[in-house]
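One letter stands for each residue in the lines below.
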Amino acid sequence: MTKKVGLALGSGSVKGIAHIGVIQVLEEHGVPIDIVAGSSAGAIVGAIYAAGTDLSMLGKYFESISSRSYMDMTIPRSGKGGLVKGDRMEELVRVFTHDKTFKETRIPFICMAVDIETGELIAFQDTDKKLHECVRASMSIPGVFMPVRMDGRLLVDGGLLERVPCIPLREAGADVVIGVDVGYRGEVRRVENPTLHTMYERTLDVVMWYITRARQEEADIVLCPRVLGLMKGFSTRHTQECIAEGRRVAEEAMPRILEILEKNEIPLKKPVTSR
């Protein structure tokens with residue numbers, strides 16, 4: 001039986017644009033990607049890639065817009081649970097995934113979410129559900145995007161418990177797992193003027209890092225683009241720099257990736273030239 005390579009794309013808001021550069025380099029070197037899992041931003045890029053869309057189109061789109069184009073703010077009030085509706089981002093994903101279901105993707109895709117009522121980690125895969133609907137749930141950053149009610153569950157950002165979804169890939173049969181983490185990884189970051197938003201964001205970062213650190217051992221290698229200081233808030237102004245950073249870390253890690261593939265007797269595919 002042919003061994004499979006899984007790619008785990010981590011959460012990280014607009015910093016997840018770096019995933020585009022990583023995937024481009026993997027394809028250019030002929031690294032097979034047999035199954036993809038994603039949380040939040042990683043779910044957005046992963047779903048679009050699994051659906052067969054050229055990721056350079058996604059990069060060009062983000063480069064051409066401002067956060068106002070995809071952030072549909074709502075008046076915060078009781079019962080909403082978030083400041084952003086998320087309808088515009090869901091529609092963006094629907095268009096870029098060609099309205100496909102999980103069963104219609106080019107390669108298998110796993111989308112992570114968390115049931116905020118039970119604390120259960122949810123993995124959407126091999127289902128007739130639409131990709132964009134489940135990705136909308138996966139990207140629901142608590143307190144920012146409105147949560148999604150689906151099948152009796154109240155779903156939020158999958159990165160809350162599975163920032164870099166390596167374990168779901170192992171469970172799905174991946175023999176080699178490449179993780180990509182664009183989030184906080186324990187760096188010292190000074191807080192000169194603490195605000196409610198800053199303290200909430202930093203607290204979430206620290207908690208998620210401690211969970212991630214324990215679970216990322218399932219990966220054979222984890223790539224870590226340095227985009228924390230590059231992509232701030234929800235601005236897409238530095239899209240090309242973010243993609244370039246994804247490419248840089250992937251190129252730097254390529255000797256090790258090829259070594260891992262050779263050790264597992266996994267052949268390379270025909271290289272794909274990025275547009």
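Relevant structure appears above.
As the structure is a prediction and not an experimental result, all values here were calculated from the model.

Conventions and cut-offs
- Residues numbered from 1 in each chain as written.
- Predicted model: local features only at pLDDT ≥ 70, side-chain atom pairs only at ≥ 80, totals over all residues.
- Heavy atoms only, no water.
- Helix = DSSP H or I, 4+ residues; strand = E, 2+ residues; numbered from the N terminus.
- Buried < 20%, exposed > 50% of the residue type's maximum accessible area, 1.4 Å probe, protein only.
- Contact = heavy atoms within 4.5 Å.
- Phe/Tyr/Trp six-rings, centres within 6.5 Å; stacked < 30°, edge-to-face > 60°.
- Lys NZ or Arg CZ within 6 Å of the ring centre and 35° of its normal.
- Pairing = 2+ DSSP bridges.
- Right-handed = clockwise from strand over helix to strand, strands pointing away.
- Salt bridge = Lys/Arg side-chain N within 4 Å of Asp/Glu carboxyl O.

J.: Looking at this model, I keep getting lost on the overall build of the protein chain. Mind explaining?
T.: Broken down by element type, the protein chain carries 8 helices and 8 strands. Looking at the protein chain as a whole, 51% of its 275 residues are labelled buried. The contacts of the protein chain with a sequence gap of at least 6 include a subset with a gap of at least 24, amounting to 76%.

J.: How do you make sense of the packing of aromatic side chains when you look at a structure like this?
T.: Given two aromatic rings, their pairing is described by the distance between the two centres and the angle made by the two planes. Across all of its chains, the model carries 3 aromatic pairs by this definition. Relative to Phe109, the ring of Phe102 has its centre 5.8 Å away and its plane inclined at 15°; by these criteria the two rings are stacked. The same class applies to Phe102 and to Phe109, which are both buried. An aromatic cluster is built from Tyr61, Phe62 and Phe96, whose rings are joined through pairwise contacts. Between Arg106 and the ring centre of Tyr49, over which it is positioned, the NZ or CZ distance is 4.8 Å.

J.: Please explain helix 5 (residues 131–138) as it appears in this structure.
T.: Three- or four-residue spacings in an α-helix give side chains the same orientation, since the helix completes a turn every 3.6 residues. With respect to burial, helix 5 is a largely interior element, 7 of its 8 residues being buried. Among all positions in helix 5, only Leu131, His132, Cys134, Val135, Arg136, Ala137 and Ser138 are buried.

J.: Could you clarify how one ought to interpret the pairing of strand 2 (residues 35–39) in this entry?
T.: Regular strands show a simple pattern: their side chains alternate between the two faces of the sheet. Of all 5 residues that make up strand 2, 5 are buried, and the element is covered over most of its length. Side-chain alternation along strand 2 places Ile35, Ala37 and Ser39 on one buried face and Val36 and Gly38 on a second face that is also buried. In the sheet, strand 1 (residues 5–9) pairs with strand 2 via 4 bridges, with the strands oriented parallel. Opposite Ala8, over in strand 2, you have Ala37 as the bridge partner. In this region the chain leaves strand 1, passes through helix 1 (residues 18–28) and returns to the parallel neighbour strand 2; the handedness of that crossover is right-handed.

J.: How should I be thinking about the pattern of salt bridges in this particular structure?
T.: Oppositely charged side chains can pair when the atoms bearing their charge come close. Applying the stated rule across the entire model yields 14 salt bridges. The partner of Glu117 in a salt bridge is Arg149, with the nearest N and O atoms 3.1 Å apart. Taken together, the residues Glu117 in the loop between strand 3 (109–115) and strand 4 (120–124) and Arg149 in strand 5 (residues 148–150) connect sequence positions 32 residues apart. Here Lys129 makes a salt bridge to Asp151, at a shortest N to O gap of 2.6 Å. Taken together, the residues Lys129 in the loop between strand 4 and helix 5 and Asp151 in the loop between strand 5 and strand 6 (153–157) connect sequence positions 22 residues apart.

J.: What exactly am I supposed to notice about unusual backbone geometry here?
T.: Glycine aside, a negative phi is what most residues show, and trans is what most peptide bonds show. At Ser40, a residue that is not glycine, the phi angle is positive and equals roughly 55°. Considering the arrangement of structural elements, one finds Ser40 in the loop between strand 2 and helix 2 (41–50). On the basis of relative accessible area, Ser40 is assigned to the buried category, the value being 3%. At Asp99, a residue that is not glycine, the phi angle is positive and equals roughly 60°. Within the secondary structure, Asp99 sits in the loop between helix 4 (87–96) and strand 3.

Limitation: the analysis is restricted to geometry and does not speak to function.
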